[in-house]
Amino acid sequence: MRFLAICVALMLTACGGGPGSGTTDNGNIVSAQAVINQSSGSGTIVGAHAVINQSSGKRNVVSNYAVGDLNGDGLDDVVIGGWSGGTNYLTILIQNTDGTLSDRTIELVGRYEYPGSMHIFIADFDHDGYPDIWSPGADDKVASISSVMLWGSASGKFTRQTIDVGIASHGGCVADLNGDGYQDLLIQGTYVQNTDNWGYYLNNKNRAFSTLVRNSKMGGASACDTIRDSATGHLAAFQADTSQLEGYADSISIVDSDLKIIKQIGITKQDTTLAGIVSATAIDANGDGLLDFVINYEAWTPGLPGRKEVWLNQGNDNFSYSYTLDTAHNATGNVIAFSYQGDQYCYFDGPNGDAMLYKRVNGQLVPYKRNEILNMATLLGGHVGVKDWSIWGGTVYRGNAGLYMLQNINEKYYTQKL
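Once a new chain begins, its residue numbering starts again from 1 and follows that chain's sequence as written. Whole-chain, interface and lining totals are the exception, using all residues; otherwise, since this is a predicted model, local features are given only for residues with pLDDT of at least 70 and side-chain atom pairs are given and counted only at 80 or more. Note: side-chain values were computed over all heavy atoms of the structure, leaving out hydrogens and water.

### Section: the overall build of the chain
Okay, step 1: Looking only at helices and strands, the chain has three helices and 35 strands in total.
Okay, step 2: For the chain, with 418 residues in total, the buried portion stands at 59%.
Okay, step 3: Counting only contacts in the chain whose residues sit at least 6 apart along the sequence, the fraction spanning at least 24 positions is 51%. A run of H or I in DSSP becomes a helix once it reaches four residues, and a run of E becomes a strand once it reaches two; helices and strands are each numbered from the N terminus. Only protein chains enter the accessibility calculation, which uses a 1.4 Å probe; a residue whose area is less than 20% of its type maximum is buried, one above 50% is exposed, and one in between is partly exposed. Any two residues whose heavy atoms approach within 4.5 Å at even a single point are treated as in contact.

### As for the environment of Ala-240
Okay, step 1: One can find Ala-240 in the loop between β22 (235-239) and β23 (251-255).
Okay, step 2: Each C-alpha atom, one on Ala-240 and one on Val-278, is 7.8 Å from the other, the two residues being 38 residues apart in sequence.
Okay, step 3: Once residues within four sequence positions are removed from consideration, Ala-240 is found in contact with Ala-221, Ser-222, Ala-223, Ala-249, Asp-250 and Ile-277.

### What about the packing of aromatic side chains?
Okay, step 1: A pair of Phe, Tyr and Trp rings is counted when the ring centres sit within 6.5 Å of each other, with Trp represented by its six-membered ring. The angle between the planes then sorts it: under 30 degrees is stacked, over 60 is edge-to-face, the rest tilted. Across all of its chains, the model carries 11 aromatic pairs by this definition.
Okay, step 2: Seen from their ring centres, Phe-121 and Trp-134 are 5.4 Å apart, and the 25° between their planes marks the pair as stacked. Of this pair, Phe-121 sits in strand β11 (residues 120-123) while Trp-134 sits in strand β12 (residues 132-135), and the two are 13 residues apart along the sequence. The exposure classification of Phe-121 matches that of Trp-134, with both residues buried.
Okay, step 3: Taking the centre distance of 6.3 Å and the plane angle of 25° together, the rings of Trp-151 and Phe-209 count as stacked. Highlighted residues: Trp-151 in strand β13 (residues 148-151) and Phe-209 in strand β19 (residues 208-209), separated in sequence by 58 residues.

### Some thoughts on the side chain of Ser-135
Okay, step 1: Along the polypeptide, Ser-135 turns up in strand β12.
Okay, step 2: Not counting residues within four places of it along the chain, the set of residues in contact with Ser-135 comprises Tyr-114, Ser-117, His-119, Ile-120, Ser-147 and Val-148.

### A short note on the state of the cysteines
Okay, step 1: Counting rule for disulfides: a pair of cysteine sulfur atoms within 2.5 Å. Tallying each qualifying case throughout the model produces one disulfide.
Okay, step 2: In this model, Cys-173 is linked to Cys-224 through a disulfide, with the two sulfur atoms separated by 2.1 Å. Classification of the bridge connecting Cys-173 and Cys-224 rests on its S-S torsion, roughly -125°, and on that basis the disulfide is left-handed. Of this pair, Cys-173 sits in strand β15 (residues 169-175) while Cys-224 sits in strand β21 (residues 224-228), and the two are 51 residues apart along the sequence. The burial state of Cys-173 is the same as that of Cys-224; both residues are buried.

### Side note on the pairing of strand β28 (residues 318-326)
Looking along a regular strand, one sees the side chains alternate between the two faces of the sheet.
Okay, step 1: Any two strands between which DSSP finds at least two bridges are classified as paired. Sheet analysis places strand β27 (residues 307-315) next to β28, joined by seven bridges and oriented antiparallel. Within β28, the position partnered with Glu-309 by the bridge is Thr-324.
Okay, step 2: Taken together, β27 and the strand that follows it, β28, pair antiparallel across an intervening segment of two residues, in which Asn-316 is found at a positive phi of about 55°.

### Some points on the sheet that holds strand β4 (residues 49-50)
Strand pairing in a sheet relies on backbone hydrogen bonds, with the paired strands running either antiparallel or parallel.
Okay, step 1: Read from one edge to the other, the open sheet built from four strands follows the order β4-β35-β34-β33, with strand pairing classed as antiparallel. At either end of the open sheet lies a strand with only one pairing partner, and these are β4 and β33 (391-399).
Okay, step 2: In this analysis an axis means a line fitted to C-alpha atoms, helices contributing only their contacting stretch, and an angle means the value between N-to-C directions, from 0 to 180 degrees. Contacting β33, β34 (402-409) and β35 (412-417), helix α3 (residues 370-379) crosses the sheet at an angle of about 40° to β34.

### Concerning the side chain of Thr-105
Okay, step 1: Here Thr-105 lies in helix α2 (residues 105-109).
Okay, step 2: We define a polar contact as two N or O atoms separated by no more than 3.5 Å, with the added condition that, inside protein, one atom must be a possible hydrogen donor and the other a possible acceptor, whereas residues neighbouring each other in sequence contribute only through side-chain atom pairs. Polar side-chain contacts of Thr-105 include one of 2.7 Å to the side chain of Asp-103.
Okay, step 3: For Thr-105, the residues in contact, after removing those within four places along its chain, are Leu-90, Thr-91, Ile-92, Gly-110, Arg-111 and Tyr-112.

In short, the description is geometric, and any link to function would need to be established separately.
What follows is the structure, encoded as structure tokens:
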């Protein structure tokens, strides 16, 4: 199943400006093509490309990203969502054979506007062989909001379905909860009408889901992901900011096929000055064949460094803190883990030059291609380390020639090979 989840996102924007339009460089308007052709300082050409046909004005105050092959050509495509407190926008970027991206939202979906979300997920939820797109509804400025499923088809176009009404999910993830081979939906409903709507939707197949199953021990939380143990069949569900385990704000629930709790593991804060966990993803961080959890804390004060940690899977339903990736950068809730040519990668998005890509080397996740990411942003008019939001966010995706990066620089999207 083609599936890469991006959970979630803080302080990112979506598309702005059209291809070939000007961009700002220290207050001066310059030609986008002139910036693209500048030298990186290492003797190589930047080789950046504006996203083709990107629409102006379709911006979210907060954006999130999902990466996956939407049209079956073997190339990653990118879905951008988010929220703005009113009108929110969904954008679908399809990869071309040369690694560039084209905005084909209107052709495939019919319109940009949608309810809004903090996460976007790509998976074949109905098992018809075509990827679908799920966005658990969320908008911090609106009391309640609907979740949306976009059902894929042979034509490449998507059919929209509302999954629920009146539940806003700050967190969310997907997993086959009952072992029937179909992906189910875990959500965290925000405080709506004096009720925290923790729980999940079971996939009833035939493009239908159950009504919300309220469960205080199993839900989307503010950040979540799951790992299935191949030996026991048990599911480990990482859930942040739930207080479901006494004495802990974050924990890992180990459940059986009936979703009954076998045990819970409390996540101990290594740094008590930090705020909550904003993202979690599963990746084999040390190369032992077991999936581990990588989690990301934000700081109490916006813009200050956060903390990324690896919690290793010890087997037999046990997880424990192993090491910290870094405490130098404040990433958002937008994170993806993926493999490419046998190597494992993990990307944390972040504004103002804080985005970080990690690669597994000798059993550890280490920073990878950071200079390339920063050079691209700088040469397109972004100000690294300056909190002016000239560098707003992006993601990493796989193409024919290798890995590519997508970045929003001065409210315009550009791509470049890493």
